Amino acid sequence: MLCYKLGIWQTNTKLSIEFTRVISQFQAGLRDTLGVQMINSCVELQLLIYKANKESAKVLTLEAYLEELERLKILTRLAYEVRAISEGKLGEIVELFDSCGRQANAWRKSMLG
């Protein structure tokens, strides 16, 4: 199956679009530091989905995906703490995080047997 048709790919794409919109509202200093890290993390998540779909040994790649998702959650929490992300926007992003995590864990568990 093409990775672009996977539910996790589509959800992750929504997450990436949301971050692109949110980061565009950051102050210049945050956009150039925290924002760049967040976008890089979103791109890395997309690449890990691509790799997991392509490789036969998916479990390690999915575990790397879950770790990168945690990294992005930490960066997002920091952005919230410095008031770069509103509480409402944080709630929307957390829902996408939860969906991505559930899908990655389900895919991982299906590979473990």
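Keep in mind that what you see is a predicted model, and the values were worked out from it rather than measured.

**Re helix 3 (residues 58-81)**
Part 1 of the reasoning: Its 24 residues give helix 3 an end-to-end C-alpha distance of 35 Å, which sits within 8% of 34 Å, the value for a rise of 1.5 Å per residue.
Part 2 of the reasoning: Taken together, the buried residues of helix 3 touch helix 1 (7-23), helix 2 (28-54) and helix 4 (87-112).
Part 3 of the reasoning: Downstream of helix 3 by a residue or two, Arg83 has a phi angle that is positive, lying close to 65°.

**Observations concerning helix 4**
Part 1 of the reasoning: With 26 residues, helix 4 extends 37 Å from end C-alpha to end C-alpha; this agrees with the ideal 38 Å at 1.5 Å per step.
Part 2 of the reasoning: Considered for burial, the residues of helix 4 that qualify are Leu90, Ile93, Leu96, Phe97, Ser99, Cys100, Gly101, Ala104 and Trp107.
Part 3 of the reasoning: Along its buried surface, helix 4 packs onto helix 1, helix 2 and helix 3.
Part 4 of the reasoning: Phi turns positive, to about 105°, at Gly113, one or two residues after helix 4.

**A short note on the environment of Thr61**
Part 1 of the reasoning: Position of Thr61 relative to the elements: it lies in helix 3.
Part 2 of the reasoning: For Thr61, a relative accessible area of 7% puts it in the buried group.
Part 3 of the reasoning: Not counting chain neighbours up to four residues away, the residues in contact with Thr61 comprise Leu48, Lys51, Ala52 and Glu55.

**Quick notes on the pattern of salt bridges**
Part 1 of the reasoning: Across all of its chains, the model carries six salt bridges by this definition.
Part 2 of the reasoning: Between Glu68 and Arg71 there is a salt bridge; the shortest N-O distance is 3.4 Å. Of this pair, Glu68 and Arg71 both sit in helix 3, three residues apart, which is roughly one turn of the helix.

**Side note on the environment of Val43**
Part 1 of the reasoning: In this structure, Val43 sits in helix 2.
Part 2 of the reasoning: It is 7.7 Å that separates the C-alpha atoms of Val43 and Ser16, two residues lying 27 residues apart in sequence.

**Considering the nonpolar core**
As a rule of thumb, nonpolar side chains are buried together in soluble globular proteins.
Part 1 of the reasoning: Ranked by internal contacts, the top residues of the largest apolar core, which has 31 residues, are Leu15, Phe19, Met38, Tyr65, Leu72 and Ile85.
Part 2 of the reasoning: Those elements that place two or more of their residues in this core are helix 1, helix 2, helix 3 and helix 4.
Part 3 of the reasoning: When near neighbours in sequence (up to four residues on either side) are disregarded, Met38 contacts Phe19, Ile23, Phe26, Leu72, Leu75, Thr76, Ala79 and Ile85.

**Looking at the packing of aromatic side chains**
Part 1 of the reasoning: Inspection of the entire model under this criterion finds two aromatic pairs.
Part 2 of the reasoning: Ring centres of Tyr4 and Trp9 lie 5.0 Å apart, and the angle between their planes is 90°; this geometry places the pair in the edge-to-face category.

**Considering the side chain of Lys58**
Part 1 of the reasoning: Residue position: Lys58 is located in helix 3.
Part 2 of the reasoning: For the buried Lys58, which has no salt bridge, the nearest side chain bearing the opposite charge is Glu55, at an N-O separation of 7.4 Å.
Part 3 of the reasoning: Polar contacts involving the side chain of Lys58 include one to the main-chain carbonyl oxygen of Ala52, which spans 2.9 Å.
Part 4 of the reasoning: Not counting residues up to four positions away in its chain, the partners in contact with Lys58 are Ala52, Asn53, Trp107 and Met111.

What counts, and where the lines are drawn
Counting of residues starts from 1 at the beginning of each chain's written sequence and follows it residue by residue. Where local features are concerned, this predicted model is filtered to residues with pLDDT of at least 70; where side-chain atom pairs are given and counted, the filter is 80 or more; whole-chain, interface and lining totals use all residues. Excluded from the side-chain calculations are hydrogens and water; all other atoms, namely the structure's heavy atoms, are used. Strands here mean DSSP runs of E at least two residues long; helices mean DSSP runs of H or I at least four residues long; both are numbered from the N terminus. Given a helix with a known number of residues, its expected span is that number minus one, times 1.5 Å. Any pair of residues with heavy atoms lying within 4.5 Å of one another is described as a contacting pair. With a 1.4 Å probe rolled over the protein chains alone, any residue whose accessible area is under 20% of its type maximum counts as buried; one over 50% counts as exposed, and the rest are partly exposed. The rule for a salt bridge is simple: a side-chain nitrogen of Lys or Arg has to be within 4 Å of a carboxyl oxygen of Asp or Glu. Note on terminology: a nonpolar core comprises buried Ala, Val, Leu, Ile, Met, Phe, Trp, Tyr and Cys residues joined through side-chain atoms within 4.5 Å. In this analysis, rings of Phe, Tyr and Trp, with Trp reduced to its six-membered ring, are considered paired at centre separations within 6.5 Å, and the interplanar angle assigns stacked below 30 degrees, edge-to-face beyond 60, and tilted for intermediate values. Charge assignment in this entry is limited to Lys and Arg as positive and Asp and Glu as negative, and neither His nor the chain termini are counted. We call two N or O atoms a polar contact when they sit within 3.5 Å, provided that within protein one can donate a hydrogen and the other can accept it, with sequence-adjacent residues counted only if both atoms are side-chain atoms.

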